[in-house]
Amino acid sequence: MTEIVAVRFHSGGKEYYFDPRGLTVKPGNEVIIETSKGPEFGVCAKGNTMVEDEQVIQPLRPVLRLATDKDRTALAHNKEREKEAMRICQEKIAEHKLDMDLVRCECSFDGNKLLFFFISEGRVDFRALVRDLAAALHARIELRQIGVRDESKLLGGLGICGRPFCCNAFLDQFQPVSIKMAKTQGLSLNPAKISGACGRLMCCLNYEQSAYEDAVKRLPKNDSFVETPDGVGSITAVDYLRETVKVRLEEAPEAPMSYQADEINVVRSGKGRRPEDYVAPPREELEKLRKVTPPPARPESREGDSALFSPSAEEKRAPRQQGGRPRQEEQEAPTGQEKGKSTNRNHRRKHRGGGKGKREKG
């Protein structure tokens, strides 16, 4: 086992292993490490970890120190120098009339080297450009041609899903993606829908490919002749995510039925025709293929819940009518205040009634 520290030089970049040399480094710490090009500034992606010796390419280069304020000031100065170098390089490209698009400039931590990334459709003779840049910037100049996928990885952005580019966020290296993956997953073959901002097939097609390949092996093929709980027919569509199939029955071909994959029995795979010597089993045998979904289990009652929903002792003793109300004779007697209100109301009615009678009599 070997103790290592994983360091990234850029966001979403590849992780490189270094020897901590007794230092305790935590994820997110800024460190200065030794590389083949000299000291460089990086960010720890994985702290002190023991890995197998086979995963390490010896000799491991060391972590020199944790970054200090002076190192961060030097890094900020290099960033400003990169912007100035980009402007000068674009002017020189326009002077030499070269067919190349400048993507990014990187300055080494010690400031002795400038690395320019560019994209171009063909080969470019930039020897004169390198001489002019070296004279103007007083540093070693290196130009590197990259592809459109590498351009998206360096620049970053938002994909059609609304999230940052996977290549810029977390992918260490690109995986091969083919149009066959889109066919297997049943996606639209329209290039505008399955291509990323770089113009190539989206990297996320590779994420679920293994699950679709497993489903293709387990589920029946399209146009297979099958037996279902409702009769025999041919498969018209397969849903790999829900693991369901649509079957056009011979008895009712106008309305395809949907079944779970384990509710059908394949008679002929992928042919679509009924075998000549095939005799369909009776309906009772086919009904056995249907999967009955058990009813959902009722939640277990707790002691506190039973007190909330169980009727009280008075409610149990009180007889109920059909409408759910207590009988008239079982209603509670009015309180003293309510009794006084009802007496006053009756007195006023009687008084108004007596006065009316006297007026009629007179």
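These remarks concern the structure in this document. (Residues numbered from 1 in each chain as written. Predicted model: local features only at pLDDT ≥ 70, side-chain atom pairs only at ≥ 80, totals over all residues. Heavy atoms only, no water.)

## Re the overall build of the protein
Inclusion rule: A run of H or I in DSSP counts as a helix once it spans at least four residues, and a run of E counts as a strand once it spans at least two, with each numbered from the N terminus. Only protein chains enter the calculation, and the probe is 1.4 Å; a residue is then buried if its accessible area is under 20% of its type maximum, exposed if over 50%, and partly exposed in between. It only takes one pair of heavy atoms within 4.5 Å for two residues to be counted as in contact. Surface accessibility in these figures is a Shrake-Rupley result with a 1.4 Å probe; residues are shielded only by whichever protein chains are displayed.
Looking only at helices and strands, the protein features eleven helices and 13 strands. Out of the 362 residues in the protein, the part that is buried amounts to 28%. At a minimum sequence separation of 6, the contacts of the protein that also span at least 24 residues come to 57%. Carbon and sulfur atoms provide 50% of the accessible area of the protein, an area that totals close to 25400 Å².

## As for the sheet that holds strand β1 (residues 2-8)
Let me state the cut-off plainly: The pairing criterion for strands is at least two bridges between them, as found by DSSP. To define axes, lines are fitted to C-alpha atoms, for helices over the stretch in contact only, and angles between the resulting N-to-C directions are given on a 0 to 180 degree scale.
The five strands lie next to each other as β2-β1-β4-β3-β5, forming an open sheet whose pairing is antiparallel. Of all the strands in the sheet, just β2 (16-18) and β5 (63-66) have a single pairing partner and so form its edges. Recorded for the sheet is a direction-independent mean angle of 50 degrees between the axes of neighbouring strands. Here strand β3 (residues 30-35) pairs with β5 via three bridges, running antiparallel. Bridge pairing links isoleucine 32 to arginine 65 in β5.

## Examining the layout of surface pockets
Our working definition: Here a cavity denotes grid points, spaced 1 Å and computed from the protein atoms alone, that fit a 1.4 Å probe unable to get out, and a pocket denotes an open set having protein on both sides within 12 Å along at least 5 of 7 lines; residues with an atom within 4 Å of a point are the lining. Grid points are joined across faces, edges and corners, and a volume is the space filled by probe spheres set on the points. In the scheme used here, Gly and all other residues not listed as nonpolar or charged are polar, with Ala, Val, Leu, Ile, Met, Phe, Trp, Tyr, Cys and Pro taken as nonpolar and Asp, Glu, Lys and Arg as charged.
Its boundaries defined by the atoms lining it, the largest pocket holds a volume of some 1600 Å³. Along the wall of the largest pocket there are 47 residues; nearest its centre are Phe9, His10, Lys14, Tyr16 and Glu106. Taken together, the elements giving at least two residues each to the lining of the largest pocket come down to β2, β4 (38-51), α1 (69-96), β6 (101-107), β7 (113-119), α3 (148-155) and α4 (166-169). Considered class by class, the residues forming the lining of the largest pocket number 20 nonpolar, twelve polar and 15 charged. Space inside the second largest pocket adds up to approximately 420 Å³. In this structure, the second largest pocket is lined by 22 residues; those nearest its centre are Gly159, Phe165, Cys166, Met202 and Cys203. Counting residues per element, the ones that place at least two in the lining of the second largest pocket are α3 and α4. If you tally residues by element for the lining of the second largest pocket, the top one is α4, at three residues.

## Regarding the nonpolar core
As a reminder of what qualifies: In these notes, a set of buried Ala, Val, Leu, Ile, Met, Phe, Trp, Tyr and Cys residues joined through side-chain atoms within 4.5 Å is what counts as a nonpolar core.
Grouped together as the largest cluster of nonpolar side chains are 19 residues, with contacts concentrated most on Leu114, Phe116, Leu133, Leu137 and Leu143. At the level of elements, α1, β6, β7, α2 (127-137) and β8 (140-145) are the ones that each hand at least two residues to this core. The element contributing the most residues to this core is α1, with five residues. Discounting chain neighbours no more than four positions away, the residues touching phenylalanine 116 are Ala85, Met86, Cys89, Leu102, Arg104, Cys105, Leu133, Leu137, Ile141, Glu142, Leu143 and Arg144. Of all hydrophobic cores here, the second largest spans ten residues; its members include Ala215, Ile235, Val247 and Leu249.

## Considerations on the pairing of β3
The pairing of β3 with β4 spans six bridges and is antiparallel. Following the sheet pairing, isoleucine 33 is matched in β4 by glutamate 40.

## As for the sheet that holds β6
Taking strand neighbours across the sheet as the criterion, the three strands line up as β6-β7-β8 in an open arrangement whose pairing is mixed. The sheet is open, and its two edges are formed by β6 and β8, each paired on a single side. The sheet shows a mean angle of 20 degrees between the axes of neighbouring strands, taken without regard to direction. In terms of strand pairing, β6 meets β7 through six bridges, oriented antiparallel. Paired with leucine 102 across the bridge in β7 is phenylalanine 118.

Function-wise, these values are silent; they only describe arrangement.
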